[in-house]
Amino acid sequence: MVDSPFSNARRSVGGAQPVNRPGFWADLGRRAINVLPGSGGEPPLRYRHHSATTLYVGGNRLLVRLKMGDCDLAFFLQADDRLITPWFALTGNYEVSPTRYFYNRISSDSHCVDVGANFGYFTCLMAKLCPQGKVVGIEADASNAALVNDNILLNTLQDNASVVHAAASTATGETLTLYRRPFRSGNTSVTSMGRDFTDRMGEPPEEPFTVPTLRVDDLLDQMQGRIDFLKIDVEGAEPLAVRGAAQAIAINPQLQLIMEWSPGQIRLAGFDIAAFLAELTGYGLTPWRIAGPWMRALSIDDVANLPYNAGLIWRRS
């Protein structure tokens, strides 16, 4: 194994020891890594490029085998998807910054919730990294929820991972109307973009559907009251999901919220950005940004002026 100044970089939750990933550093020693200065005391995060093998298996499904470090995963994806499938199938890369963060931080016994699971990439990655832990994915789109379930089974992760077909919101048992774009199911939203928009994109009209709602807080019993990592990516409805997780955030001081930051979508969904940021800080959470292999602390003004980020980290200092 190649010695590295980053060999102890992978941190853990709840005092558990960092996970040793055999062979990772021997491979990384043959690759270049960019290290940014000024981390504010955070050690750099280990990471390496993915590799992927793709096979069409019929029924509008691609099968993609992904290797990342010592993680060997496979995923079914919708073959006609124009948003995620093309580059994921070609490169194996998907939301690199959040992937890097989870790979380095999740411990073998972590408890994780994946809100907006899509095809189950993060649900399965989390479950692979925490074999003695628990993972629940929440996905509102029925076809995507079926993919998540199939991908959990494909990777034999059913002992510690499951999926719920629902929309994360402020109450359980109600219904919410969402709008699905047929070739971009990852953009399903509480906001309709309208026929003019889909015509300009050369897409069929959106498909409205209703789905039952679920509070993240209502998962606490099956998670034994503990959530270490809460990932939220719901195309502008993040305030609803966060409000439905208020108890989980309050009783879990170690909880780390990893959230897509898309202020344009949040505004289109009818939420005020300043009020939402005040809610997040009211929980005692502070924002961090993944910058290459480093973590960088942000101010609230920084976040308010940030146009987009695939995965801001919110955690107690």
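Residues numbered from 1 in each chain as written. Predicted model: local features only at pLDDT ≥ 70, side-chain atom pairs only at ≥ 80, totals over all residues. Heavy atoms only, no water.

1. What about the packing of aromatic side chains?
Applying the stated criterion across every chain yields a total of 14 aromatic pairs. Judged by centre distance (5.8 Å) and plane angle (85°), the rings of Phe-88 and Tyr-121 are edge-to-face. In this pair, Phe-88 sits in helix α2 (residues 85–91) while Tyr-121 sits in helix α4 (residues 121–129), placing the two residues 33 residues apart along the sequence. Here the two residues Phe-88 and Tyr-121 agree in accessibility, since each one is buried. Between Tyr-94 and Tyr-121 the ring centres are 5.0 Å apart and the planes differ by 85°, which places this aromatic pair in the edge-to-face class. Within this pair, whereas Tyr-94 is found in the loop between α2 and α3 (96–105), its partner Tyr-121 is found in helix α4, the two being separated by 27 residues in sequence. An aromatic cluster of three or more residues is present, and its members are Phe-75, Phe-88, Tyr-94, Phe-102, Phe-119, Tyr-121, Phe-122 and Phe-229. Directly above the aromatic system of Phe-76 lies the positively charged group of Arg-61, at a separation of 5.1 Å from the ring centroid. Cation over ring: Arg-315 sits above Trp-288, and NZ or CZ is 4.4 Å from the ring centre. (Phe/Tyr/Trp six-rings, centres within 6.5 Å; stacked < 30°, edge-to-face > 60°. Helix = DSSP H or I, 4+ residues; strand = E, 2+ residues; numbered from the N terminus. Buried < 20%, exposed > 50% of the residue type's maximum accessible area, 1.4 Å probe, protein only. Lys NZ or Arg CZ within 6 Å of the ring centre and 35° of its normal.)

2. Regarding empty space enclosed by the protein
One water molecule sets the probe size; rolling that probe over the atoms shows where empty space is left. Evaluation of the coordinates by the stated rule reveals 2 cavities of 30 Å³ or more. Here the largest cavity defines a volume of roughly 70 Å³. The set of elements that each furnish at least two residues to the lining of the largest cavity consists of β3 (71–78), α5 (142–154) and β9 (184–189). A breakdown of the residues in the lining of the largest cavity according to their chemical character gives 4 nonpolar, 6 polar and 1 charged. (1 Å grid on protein atoms, 1.4 Å probe; cavity = no way out; pocket = protein on both sides within 12 Å on 5 of 7 lines; lining within 4 Å. Points joined across faces, edges and corners; volume = space filled by probe spheres on them. Nonpolar A, V, L, I, M, F, W, Y, C, P; charged D, E, K, R; others polar.)

3. Quick notes on the side chain of Arg-181
Looking at the element boundaries, Arg-181 is found in strand β8 (residues 175–181). Here Arg-181 falls in the buried class, since its relative accessible area comes to 7%. Of note is the side chain of Arg-181, whose polar atom sits 2.8 Å from the side chain of Glu-203. Those residues in contact with Arg-181 that sit more than four places away from it in its chain are Asn-187, Phe-197, Met-201, Glu-203 and Glu-206. (Polar contact = N/O pair within 3.5 Å; in protein donor to acceptor, adjacent residues only side chain to side chain. Contact = heavy atoms within 4.5 Å.)

4. Quick word on α5
Look at α5: 18 Å from first C-alpha to last across 13 residues, which is about the 18 Å you get at 1.5 Å a residue. Where α5 is buried, its residues touch β2 (61–68), β3, α4, β5 (134–139), β6 (161–165) and β9. Where α5 ends, the next residue or the one after it, Thr-156, has phi of about 50°, a positive value. (Expected span 1.5 Å × (residues − 1).)

5. A word on the environment of Val-148
Of note, Val-148 is situated in helix α5. In this structure, Val-148 is in contact with Ala-117, Asn-118, Phe-119, Gly-120, Thr-123 and Val-163, ignoring residues within four places of it in sequence.

6. So, the confidence of the model for the protein chain
Confidence along the protein chain averages 87 in pLDDT terms, with 84% of residues attaining 70 or more. pLDDT under 50 marks residues 1–41. Its contacts with residues more than four places away, or in other chains, come to 73 contacts. (pLDDT = per-residue confidence, 0-100.)

7. Describing unusual backbone geometry
Positioned with a positive phi, Gln-224 is a non-glycine residue whose angle comes to about 55°. Here Gln-224 is to be found in the loop between β10 (207–214) and β11 (229–232). At Glu-235, a residue that is not glycine, the phi angle is positive and equals roughly 55°. Tracing the chain through its elements places Glu-235 in the loop between β11 and α7 (238–243). By relative accessible area, Glu-235 is classed as buried at 7%.

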